[in-house]
Amino acid sequence: MLPTSTQHAIHPALNSIHLRIAQACQSSGRNTDEVTLLAVSKTKPLSDVLEAYAYGQRHFGENYLQDALEKIEQCPVEDIQWHFIGTIQSNKTKAIASSFNWVHTLDRIKIARRLNDQRPSHLPPLKVLIQVNISNETNKSGVVLGQLNELAEQISKLPKLTLCGLMCIPAAQQSEVSQRRAFTQMAEARDQLQSTYPALKELSMGMSSDLASAIACGSTIVRIGTDIFGARTALT
Ligand SMILES: *Cc1c(COP(=O)(O)O)cnc(C)c1O
């Protein structure tokens, strides 16, 4: 039995996020279609995903593999793009490689090789983003900028992965100035790599609180959960 949908009003929430994206694009002279909304549906039931789908949402982000796999397996529609945005453990790579279209949180060559080897041959290459530890936080996921080129070069050689861009989660509670500095460094790193790897054009950055800054600095994918689906209850 699937859990029943929470009573959160998904349609107006999606509309208001689209409006915020459009306003941020307009203020920074960008086209709205340059920014993809990734609806983060972690811990939320499939019925919520399908409700957002009914209003045109096609990209969904998940962190918890078991929770995600149940939804993906039971999902009755084919044209959803599933993005894995959680921490990747080695023993989870096979399921991620088989069930997802995108991975945002790649930061180690060992994991990249496993995803490459385990990507089923009937599927197109898995789209991957390298997670960058842009605020240089200790014990945080992501490569530091100094190691980015080497990892990108190694990943680019793997035929079942397509290196599509970079992702970051800047340190919480920064000033807007330091947020923008981090986002700008991400955009510069992306521009520099894109000259070598043309497919590397995405920047997954910006969440509810920093969406406008991220878009001003060049974000192409914003990741929003709570503001679409309502507050999460912890997974037990
Ligand atoms: C949960 C999550 C989000 C969405 O966070 P909300 O606060 O629910 O909008 C975005 N990105 C990542 C990597 C996440 O884990």
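It should be emphasised that the depicted structure is a prediction, and the values quoted were computed from it without experimental measurement.

Colleague: Can you lay out the pairing of strand 4 (residues 102-106) for me, pointing to particular residues and giving the numbers?
Modeller: In terms of burial, strand 4 is a largely internal element, five of the five residues being buried. When strand 3 (residues 81-84) meets strand 4, the two strands line up parallel, connected through two bridges. Bridge pairing in strand 4 places Phe 84 opposite Val 103. Handedness of the β-α-β unit built from strand 3, helix 4 (residues 93-99) and strand 4 comes out right-handed. In terms of strand pairing, strand 4 meets strand 5 (residues 126-132) through three bridges, oriented parallel.

Colleague: Let's hear about the layout of surface pockets: which residues, and what values?
Modeller: There is about 720 Å³ of room inside the largest pocket. As for the largest pocket, its lining consists of 38 residues, and the residues nearest its centre are Gln 131, Met 167, Ile 169, Met 207 and Arg 223. Mapped by element, the contributors of at least two residues to the lining of the largest pocket are strand 4, strand 5 and strand 8 (221-224). Of the residues contributing to the lining of the largest pocket, the split by class is 14 nonpolar, 16 polar and eight charged.

Colleague: Tell me what's going on with the pattern of salt bridges, and back it up with residues and numbers.
Modeller: Applying the stated criterion across every chain, the model contains nine salt bridges. Among the ionic pairs, Glu 153 bridges to Lys 157, the shortest N-O distance being 3.3 Å. Notably, a salt bridge pairs Asp 191 with Arg 190, separated by 2.9 Å at the nearest N-O pair. By relative accessible area, Asp 191 is classed as partly exposed at 44%. Through salt bridges with shared partners, a single ionic network connects Glu 62, Asp 67 and Lys 71.

Colleague: Can you explain the pairing of strand 8? Please cite residues and give values.
Modeller: Burial along strand 8 is two-sided: Ile 221 and Arg 223 and Val 222 and Ile 224, pointing in opposite directions, are all buried. Sheet topology note: the strand 1 (residues 36-40)/strand 8 ladder contains four bridges and is parallel. Opposite Ala 39, over in strand 8, you have Ile 224 as the bridge partner.

Colleague: Got a sec to walk through the packing of helix 6 (residues 148-156) against helix 7 (residues 176-194)? Specific residues and values, please.
Modeller: Closest axis-to-axis distance for the helix 6/helix 7 pair is 12 Å, and the angle between their directions is 45 degrees. Classified by the angle their axes make, helix 6 and helix 7 are oblique. Crossing angle aside, the handedness with which helix 6 passes helix 7 is right-handed. Residues Leu 148, Asn 149 and Ala 152 of helix 6 form the contact with helix 7, whose own contacting residues are Ala 189, Gln 192 and Leu 193. Classifying every residue of the contact of helix 6 with helix 7 by side-chain character gives four nonpolar, two polar and no charged.

Colleague: Go over the side chain of His 104 with me, naming the residues and quoting the values.
Modeller: Take His 104: it is sitting in strand 4. Since its relative accessible area comes to 0%, His 104 is described here as buried. Only 2.8 Å separates the side chain of His 104 from the side chain of His 83, close enough to count as a polar contact. When near neighbours in sequence (up to four residues on either side) are disregarded, His 104 contacts Leu 38, His 83, Phe 84, Ile 85, Leu 129, Ile 130, Gln 131, Met 167, Ser 204, Ile 221 and Arg 223.

The rules we used
Residues numbered from 1 in each chain as written. Predicted model: local features only at pLDDT ≥ 70, side-chain atom pairs only at ≥ 80, totals over all residues. Heavy atoms only, no water. Buried < 20%, exposed > 50% of the residue type's maximum accessible area, 1.4 Å probe, protein only. Helix = DSSP H or I, 4+ residues; strand = E, 2+ residues; numbered from the N terminus. Pairing = 2+ DSSP bridges. Right-handed = clockwise from strand over helix to strand, strands pointing away. 1 Å grid on protein atoms, 1.4 Å probe; cavity = no way out; pocket = protein on both sides within 12 Å on 5 of 7 lines; lining within 4 Å. Points joined across faces, edges and corners; volume = space filled by probe spheres on them. Nonpolar A, V, L, I, M, F, W, Y, C, P; charged D, E, K, R; others polar. Salt bridge = Lys/Arg side-chain N within 4 Å of Asp/Glu carboxyl O. Axes fitted to C-alpha atoms, helices over the stretch in contact; angles between N-to-C directions. Parallel < 35°, antiparallel > 145°, perpendicular 65-115°, else oblique. Left-handed = near helix turned anticlockwise from the far one by under 90°. Contact = heavy atoms within 4.5 Å. Polar contact = N/O pair within 3.5 Å; in protein donor to acceptor, adjacent residues only side chain to side chain.

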